[in-house]
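# Survey of secondary and tertiary structure
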Amino acid sequence: MILYQSSRRPFAQVVYRRTRSTSIAVRLLHRDTNNSDHKIHTLLLCRHGNSIWNGGEVGTFERFTGWTNIPLSDRGRLEAAIAAKHIVSSKYRIGASFTSALHRAQETADICLSEIIDHYGSANDYISSIRQHTDFRLNERHYGALQGLEKEKAGKGLCGYDSACVTSWRRHWNGIPPFLDETDARRLQETETWSRVCGGAENVPRGESLEMVAQNRISPFLRGVLFPTMREIQKDTREHDAVAGLVIAHKNSLRALIGIMCRTEKDNEAMEVLESMKIPTGLPLVLQFYFDEKGQCQVVCDNELSEDQIPHRKIPLCSLAVLSDHVNQTDHMIVRAQGSQM
């Protein structure tokens, strides 16, 4: 599984190695800063399970999905169940869940939370205390006129668009794909489906860059929903409990969220890593943060995580499997640079 890759830097691949999991888990679960007011908040970021347009099964092809409502594949449903097992094994208690309004994310969340309920028992008070949020602002980036096209063919210039342009639209923070025409059948169907959810047809995108997703949707979502909710669940949590917010969304809405929280626009190298980042389906990633004296979000990197366990010093993500004993008591996934490809 590739977490990120770059034409300038080696790509990072999830591999296994032996590590002292217990001490790392305890440090991350209960870490605090010198200032008692700066409580550490934990997010588990999970891309939905493999869908039938992700090309992960025989007879399927990877397509630009965007806001098209596509169901999970059988593989994706299994990935959602495995993600739940990683969460249970890590000992994090889910205090809130945040899910996009697209079916593949909703289905992933349903399976994941059902598995957690099965583990703890439906009568457990913890399950009923989970604050569940569904928000269209976590929807995948809208790929405009590319939606529905096979990525491989489009990348080779076989769909009417220059291959270099397609690559730029896909990967660059500011790359905007061609907008859907207002008379396009896909556009007409989307406005009918999403207008009421989004508060009007004018709020249903016709195409977006990552920057547009970050500024127009993710940033207001963080300020208005996620950050206040994380503060609330922290107040209701006992001192030594490990509580987390579970975000089940999409590759590009998660990249936009990471870009906002990690302020990658202020660091060219970090932005390059973010632009080339590939988030595997169904693999929860850990991102920790606190609020400073000005109420600004500041991400945290644990000192015991090595450079090969995170994509970049400004992007302190690590796989939840590093903290989980689900794979094995001592074998855990990490991120390691290994070769170079595009």
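Residues numbered from 1 in each chain as written. Predicted model: local features only at pLDDT ≥ 70, side-chain atom pairs only at ≥ 80, totals over all residues. Heavy atoms only, no water.

All right, on to the nonpolar core then. In terms of nonpolar packing, the biggest core is built from 39 residues, with Leu 45, Phe 98, Leu 226, Val 247, Ile 258 and Met 261 touching the most fellow members. For this core, the secondary-structure elements that each account for two or more residues are strand 3 (41–47), strand 4 (93–99), helix 8 (210–235), strand 6 (243–249), helix 9 (251–262), helix 10 (268–276) and strand 7 (285–291). Counting residues per element, this core draws most heavily on helix 8, at 11 residues. Cys 112, Ile 116, Ile 130 and Leu 246 belong to the second largest nonpolar core, which has 23 residues in total. (Core = buried A, V, L, I, M, F, W, Y, C linked by side-chain atoms within 4.5 Å. Buried < 20%, exposed > 50% of the residue type's maximum accessible area, 1.4 Å probe, protein only. Helix = DSSP H or I, 4+ residues; strand = E, 2+ residues; numbered from the N terminus.)

Take empty space enclosed by the protein next. By rolling a water-sized probe across the atoms, one finds the places where empty space is left. Following the criterion strictly, the structure yields 2 cavities of 30 Å³ or more and no others. When its volume is computed, the largest cavity comes out at roughly 90 Å³. Forming the boundary of the largest cavity are Arg 47, His 48, Ser 51, Asn 54, Arg 63, Thr 65, Gly 66, Arg 104, Glu 140, Tyr 143, Lys 151 and Lys 251. Taken together, the residues of the lining of the largest cavity break down into 1 nonpolar, 5 polar and 6 charged. (1 Å grid on protein atoms, 1.4 Å probe; cavity = no way out; pocket = protein on both sides within 12 Å on 5 of 7 lines; lining within 4 Å. Points joined across faces, edges and corners; volume = space filled by probe spheres on them. Nonpolar A, V, L, I, M, F, W, Y, C, P; charged D, E, K, R; others polar.)

Another aspect to go through is the packing of helix 9 against helix 10. Contact geometry for helix 9 and helix 10: axes closest at 10 Å, N-to-C directions at 165°. When the axes of helix 9 and helix 10 are compared, the pair comes out roughly antiparallel. Considering only the axes of helix 9 and helix 10, their crossing is right-handed. Between helix 9, through Arg 255, Ile 258 and Gly 259, and helix 10, the contact on the second element is made entirely by Leu 274, Glu 275 and Ser 276. (Axes fitted to C-alpha atoms, helices over the stretch in contact; angles between N-to-C directions. Parallel < 35°, antiparallel > 145°, perpendicular 65-115°, else oblique. Left-handed = near helix turned anticlockwise from the far one by under 90°. Contact = heavy atoms within 4.5 Å.)

This part is about the confidence of the model for the chain. Looking at the chain, the pLDDT average stands at 83 and 80% of residues meet or exceed 70. Across residues 1–34, confidence stays below pLDDT 50; counting only partners more than four residues off in sequence or on other chains, it has 116 contacts. Of the regions scoring below 50 in pLDDT, residues 325–342 engages in 66 contacts with residues more than four places distant in sequence or in other chains. (pLDDT = per-residue confidence, 0-100.)

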